[in-house]
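# Results of the structural survey
Residue-level listing of the chains:
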Amino acid sequence: MIPNFLIVGAPKCGTTAMWRYLQAHPNVFLSPRKDIHYFGSDLRFTKRSTFSHSEYLQFFASATEKAVGEASVWYLYSQKAAEEIYRFNPKMKIIIMLRDPVQMMYAHYTQMRFNGLGDEDIPLFSEALAAEENRKKGLQIPPENTLPQALFYRDIGTLSPQIERYQQCFPASQILYLLQEDMKHNMAEMYRNTLNFLGVDPDFQMNFHRINQHKVVRFEWIRKAIAATPHGVKDKIPTSVRNQISRRIRKMNSKHEKRAPLPPLLEEKLKKECKPDIERLGKMIGRDLSHWLESKKEI
């Protein structure tokens, strides 16, 4: 069995929630691992395994369901993934999840900060934005960062060229656009639309509990102490044990907390920058997105 649908991103737009909700459906098979990133040969991951064609198919070897897929959040951002997916399966159904790009960039930045100083070590979003040009030159990249492109916040938030790559490869009937705001206001309807798109029973009842809520670090000194631990010490611990310890410490050292709003001046600056792309995106997906250009609190 080969996958016949993909959730391709964007980050912080509900991909994890939809991945888990779809896993619960009896006619849907989703790979137990999220973010495989088999496609997207231009994504410059520094510390992750790559999969051969046969290894990728092993993720779906046990699938007997009608809809078979996976979710990898950087497929949308990748400049090559759309063409690679089309060559793999021209009938692939594509689920694209979107959000106000200003809020999405900020949410992604705060997630990177929460992940650890290895992912994002600049303490202010405005400073991280100012560092983008240097980072594109290979400068100011945290030494433990696994995907430097994840630090290019403005590129991540420029959505219309990302959508265009998929529209050039796949017919409109094979692409479903889901907006994070619609999911927030009526998740049941968005889920039903997704099931109809995948051609499976749309009447399956699902309990839509909140997933992947915003979290913050409880004690910064604990995170800094872990980051300062010499690699020689870390390398003496088996990888599986080290990962288990890391997960437990991160869980203990985190708490759910509402994301602080963007500073108003920075928000207005970014909205002006994003305006042409938002207007173009709205035309491409057939939605009025003008409300994304209005000032608002973080959602």
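Note: the structure precedes this text.
Keep in mind that this is a model prediction, so the values were computed, not measured.

Below, the discussion takes up the nonpolar core. With 84 residues, the main nonpolar core has Leu 22, Ile 85, Phe 125 and Tyr 166 as its most contacted residues. Ranked by residue count, the leading element in this core is helix 14 (residues 264-285), at seven residues. Leu 22 has contacts with Phe 5, Ile 7, Val 28, Leu 30, Tyr 191, Thr 194, Leu 195 and Leu 198, leaving out every residue within four places of it along the chain.

So, on to the pairing of strand 3 (residues 67-71). The buried count for strand 3 comes to five of five residues, which makes it a mostly enclosed element. Residue alternation in strand 3 divides its side chains into two sets, Ala 67, Gly 69 and Ala 71 and Val 68 and Glu 70, and both sets are buried. In the sheet, strand 1 (residues 5-7) pairs with strand 3 via three bridges, with the strands oriented parallel. Looking at strand 3, one finds that Phe 5 is bridged to Gly 69. Sheet topology places strand 2 (residues 28-30) next to strand 3; three bridges connect them, and they run parallel. Bridge pairing links Leu 30 to Gly 69 in strand 3. In this view, the connection linking strand 2 to its parallel neighbour strand 3 by way of helix 2 (residues 53-58) has right-handed handedness.

Residue placement: Glu 267 occurs in helix 14. Since its relative accessible area comes to 5%, Glu 267 is described here as buried. Note: C-alpha distance between Glu 267 and Val 102 (165 residues apart in sequence) is 7.2 Å.

Let us now look at helix 4 (residues 101-115). Under the 1.5 Å per step criterion, the end-to-end length of helix 4 is 21 Å for 15 residues, consistent within 8% with the ideal 21 Å. Helix 4 sits mainly inside the fold: 13 of its 15 residues count as buried. Its side-chain oxygen at 3.0 Å from the backbone nitrogen of Val 102, Asp 100 defines the N-terminal cap of helix 4. Directly beyond the C-terminal end of helix 4, a positive phi value near 140° is found at Gly 116.

The next thing to look at is the packing of helix 1 (residues 15-23) against helix 10 (residues 187-198). One can describe the packing of helix 1 onto helix 10 by two numbers: an axis separation of 12 Å at closest approach and a directional angle of 65°. In terms of orientation, helix 1 lies roughly perpendicular with respect to helix 10. The hand of the helix 1/helix 10 crossing is right-handed. The residues of helix 10 that touch helix 1, namely those facing Met 18, Tyr 21 and Leu 22, are Met 187, Tyr 191, Thr 194, Leu 195 and Leu 198. Of the residues belonging to the contact of helix 1 with helix 10, the class tally is seven nonpolar, one polar and no charged.

Pairing between side chains of opposite charge can happen when the charged atoms of each approach one another. This model, assessed by the stated rule, comprises eleven salt bridges. Between Asp 155 and Lys 136 there is a salt bridge, with its nearest N and O atoms 3.0 Å apart. Here the residue Asp 155 occupies a position in helix 7 (residues 153-157), and Lys 136 occupies one in helix 6 (residues 132-136), the gap between them amounting to 19 residues. For Asp 155, a relative accessible area of 29% translates into the label partly exposed. Residues participating in the shared-partner salt-bridge network are Glu 132, Arg 154, Lys 269 and Glu 273.

Reading the values: rules and limits
- Residues numbered from 1 in each chain as written.
- Predicted model: local features only at pLDDT ≥ 70, side-chain atom pairs only at ≥ 80, totals over all residues.
- Heavy atoms only, no water.
- Core = buried A, V, L, I, M, F, W, Y, C linked by side-chain atoms within 4.5 Å.
- Buried < 20%, exposed > 50% of the residue type's maximum accessible area, 1.4 Å probe, protein only.
- Helix = DSSP H or I, 4+ residues; strand = E, 2+ residues; numbered from the N terminus.
- Contact = heavy atoms within 4.5 Å.
- Pairing = 2+ DSSP bridges.
- Right-handed = clockwise from strand over helix to strand, strands pointing away.
- Expected span 1.5 Å × (residues − 1).
- Polar contact = N/O pair within 3.5 Å; in protein donor to acceptor, adjacent residues only side chain to side chain.
- Axes fitted to C-alpha atoms, helices over the stretch in contact; angles between N-to-C directions.
- Parallel < 35°, antiparallel > 145°, perpendicular 65-115°, else oblique.
- Left-handed = near helix turned anticlockwise from the far one by under 90°.
- Nonpolar A, V, L, I, M, F, W, Y, C, P; charged D, E, K, R; others polar.
- Salt bridge = Lys/Arg side-chain N within 4 Å of Asp/Glu carboxyl O.

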